[in-house]
Amino acid sequence: EGGVEDVGDDGPLLGRGRAINSVTHEGIPGATIAIAETAEEISADPDGNFALPTHGTGNLMLHIVAPDYTEKLEAITIPPTGDLNVGDVGVVHV
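Figured I'd write up the structure that's included with this text. (Residues numbered from 1 in each chain as written. Predicted model: local features only at pLDDT ≥ 70, side-chain atom pairs only at ≥ 80, totals over all residues. Heavy atoms only, no water.)

### As for the pairing of strand 3 (residues 32-35)
Taken residue by residue, a regular strand's side chains alternate between the two faces of the sheet. Here strand 3 pairs with strand 4 (residues 41-43) via three bridges, running antiparallel. What sits directly across from Thr32, in strand 4, is Ser43. In sequence, strand 3 turns back onto strand 4 through a hairpin of five residues, with Ala39 there showing a positive phi of about 65°. Pairing of strand 3 with strand 6 (residues 57-65), which is carried by four bridges, proceeds in the antiparallel orientation. For Ile35, the partnering residue across the bridge sits in strand 6 and is Leu62. (Pairing = 2+ DSSP bridges. Helix = DSSP H or I, 4+ residues; strand = E, 2+ residues; numbered from the N terminus.)

Rendered as structure tokens:
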């Protein structure tokens, strides 16, 4: 159980969400969001929003890092039926 299941040539599925300050709930611009299993990563937009291609379904681990914040690992499951809205992922300012 777990891991990424190939979905063929239908194109990547997306894990969408928003990296936020866990206290103020403000978006964290430029936070780096990566899928640990594939090493794919992107930067959040100025409001902390991200849409990360997953190229598969199943259980994945998001790795979120930003300057002056603690690192965060967030377990997600990409369903076979389509994209996943991860929602707000809070990280702690140090």
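### Some details on the pairing of strand 2 (residues 14-21)
Of all the eight residues making up strand 2, six are buried; the element is thus mostly covered by neighbouring parts of the structure. Relative to strand 5 (residues 49-53), strand 2 runs antiparallel, the two being bridged by five bridges. Counted as the bridge partner of Gly15 is Leu52 from strand 5. Across seven bridges, the pairing between strand 2 and strand 8 (residues 84-91) is parallel. From the neighbouring strand, Arg16 faces strand 8, where its bridge partner is Asn85. (Buried < 20%, exposed > 50% of the residue type's maximum accessible area, 1.4 Å probe, protein only.)

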